[in-house]
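# Structural overview
The chain contents come next:
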Amino acid sequence: RQPLPNNIIPASRISPIAQKMLAYYPEANQPGTADASQNYYRTRTISRENYTVVSRVDHQISSANRLFFRINNSQHDNNTDTLPGPIFQDILDRTGWGGVLDDVHVFGPGLLLNLRYSASYQSDITTRGSAGFDITSLGLPSSLKSEIARKLDTDGLIFPQAVVNGYTSLGLGGASRAVTNYHTAGFTLTNIRGSHSMRYGSEYRLQRETGLGYGFVNPQFTFGSTYTNGPLDNAAASPKGQGLASMLLGIATAGVINNNASRAEQSSYTSFFVQDDWRVNQRLTINIGLRYEYEKAVNERFN
């Protein structure tokens, strides 16, 4: 093959898709170094909001029975970007809820029962500022867009990522969604007889997580120096520029598109215990107890 005249890519051979994608890079605002590196500077934008609210209600049903209910809510919102523009914007929406119901009933001077149930929920939603981006606006084929939309949630469609050797990447990877939901129930029965304080109890936990990591559904293109080395194909790569030259020619050295499955994981935990606090005399107390725990392996709820 003949080398390009003057080592310059002719305008007729520049990929129109590459031209449209490269327009999303911000203009240089610094002199930079001799090889045109480090020519853009900005302070990264980070916007965060955090709060936690806890509320509790105590109620005495009778002199022998009292309970409380507690609920909590937390919110963490995080919006960051590496370069200006929605294609570099990373957005996190994390919402948490929790609740506890606790009841204590006294049957007599030496016998009481404590019942408790709690639940927690957390939702982590990571999105991109370019969510819903129309990849055909860059010149990518409509057949690719249709194929992605047919197999995947359209929320996963974002600006394609271009990893250019020696440069800050254009765009980001795919978004993700995850939800954790835990339930815990248990009881403790206390029986005091003479110098012995006996406790019996059990606890059960149900732990669930669902999620989907979109991965590179955009898709992702990598541009290296494989096709732009010269004058021989085994020549060493130059410090900078050949990856960008590959992109201008529209020749990717690698490409990835993911079609990830969602997950719905679950595990459970059960425990029992018995304990005797034996007060032998005023100066000696012996604690004797036994606890059994069993945690099942994680499984996929829908096989």
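Now for a quick tour of the structure. (Residues numbered from 1 in each chain as written. Predicted model: local features only at pLDDT ≥ 70, side-chain atom pairs only at ≥ 80, totals over all residues. Heavy atoms only, no water.)

## Overview of the pairing of strand 10 (residues 263-281)
- The pairing of strand 7 (residues 196-213) with strand 10 spans 16 bridges and is classified as antiparallel. Across the sheet, residue E209 finds its bridge partner in strand 10, namely E265.
- Where strand 10 folds back on strand 11 (residues 284-295), the antiparallel hairpin that results is connected by two residues. (Pairing = 2+ DSSP bridges. Helix = DSSP H or I, 4+ residues; strand = E, 2+ residues; numbered from the N terminus.)

## Thoughts on a nonpolar patch on the surface
- A grouping of V57, F69, I71, W97, L101, Y117 and Y121 is seen on the molecular surface, where their side chains present a nonpolar patch of about 660 Å² in accessible area.
- Breaking the nonpolar patch down by element, the ones donating at least two residues are strand 2 (65-81), strand 3 (89-108) and strand 4 (111-128).
- Here Y121 is to be found in strand 4. (Patch = residues over 30% accessible without salt bridge, like charges linked within 9 Å, V, L, I, M, F, W, Y side chains within 5 Å. Areas by Shrake-Rupley, 256 points an atom, 1.4 Å probe, with all protein chains shown as cover. Salt bridge = Lys/Arg side-chain N within 4 Å of Asp/Glu carboxyl O.)

## Notes on the nonpolar core
- Residues M21, F159, A162, V164, L170 and M247 are the most contacted members of the largest nonpolar core, which totals 23 residues.
- When contributions to this core are tallied by element, the ones reaching two or more residues are helix 1 (16-22) and strand 5 (161-164). (Core = buried A, V, L, I, M, F, W, Y, C linked by side-chain atoms within 4.5 Å. Buried < 20%, exposed > 50% of the residue type's maximum accessible area, 1.4 Å probe, protein only.)

## With respect to unusual backbone geometry
- The omega torsion across N218 and P219 is 5°, close enough to zero to call that bond cis.
- Looking at where P219 falls in the secondary structure, it is placed in the loop between strand 7 and strand 8 (220-223).
- With a phi close to 65°, A36 is a non-glycine residue in the positive phi region.
- Structurally, A36 is set in the loop between helix 1 and strand 1 (45-62).
- Despite not being glycine, N303 has its phi angle at roughly 60°, a positive value.

## A short note on the side chain of N73
- Take N73: it is sitting in strand 2.
- Its relative accessible area of 11% is what places N73 among the buried residues.
- A polar side-chain atom of N73 sits 2.9 Å from the main-chain carbonyl oxygen of G96.
- In contact with N73, not counting residues within four places along its chain, are Y51, T52, V53, T95, G96 and W97. (Polar contact = N/O pair within 3.5 Å; in protein donor to acceptor, adjacent residues only side chain to side chain. Contact = heavy atoms within 4.5 Å.)

## A few points about the environment of F68
- Relative to the helices and strands, F68 is located in strand 2.
- Separated by 32 residues in the primary sequence, F68 and V100 place their C-alpha atoms 8.0 Å from one another.
- Once you skip the residues sitting within four places of it in the chain, F68 turns out to touch R56, V57, D58, V100, L101, D102 and R116.

## Observations regarding the environment of A264
- Here A264 lies in strand 10.
- Its relative accessible area of 5% is what places A264 among the buried residues.
- Separated by 201 residues in the primary sequence, A264 and S63 have C-alpha atoms spaced 45 Å apart.
- Apart from the residues within four sequence positions on either side, A264 is in contact with E209, T210, N299, E300, R301 and F302.

## Brief notes about the pairing of strand 11
- Pairing of strand 10 with strand 11, which is carried by twelve bridges, proceeds in the antiparallel orientation. Looking at the pairing, S271 lines up with E293 of strand 11.

## Notes on the side chain of Q207
- Tracing the backbone shows Q207 in strand 7.
- According to the relative accessible area criterion, Q207 is buried, its value standing at 18%.
- Excluding anything up to four places from it in sequence, Q207 contacts N181, Y182, E265, Q266, S267 and E295.

## Examining the pattern of salt bridges
- Tallying each qualifying case throughout the model produces ten salt bridges.
- A salt bridge links D124 to R94; its shortest N-O distance comes to 2.4 Å. Here D124, found in strand 4, pairs with R94, found in strand 3; they are 30 residues apart in sequence, far enough to count as distant.

## Some words on the sheet that holds strand 9 (residues 254-256)
- In spatial order, the strands read 5-8-9; together these three strands make up an open sheet with mixed pairing. Unpaired on one side and paired on the other, strand 5 and strand 9 mark the two borders of the sheet. Going from strand to strand, the sheet's axes swing by 15° on average, the running direction of each strand aside.
- Sheet topology note: the strand 5/strand 8 ladder contains four bridges and is parallel. Pairing of Q161 across the sheet is with Q220, part of strand 8.
- Against the sheet, helix 3 (residues 242-249) contacts strand 5 and strand 8, and its axis sits at roughly 140° relative to strand 5. (Axes fitted to C-alpha atoms, helices over the stretch in contact; angles between N-to-C directions.)

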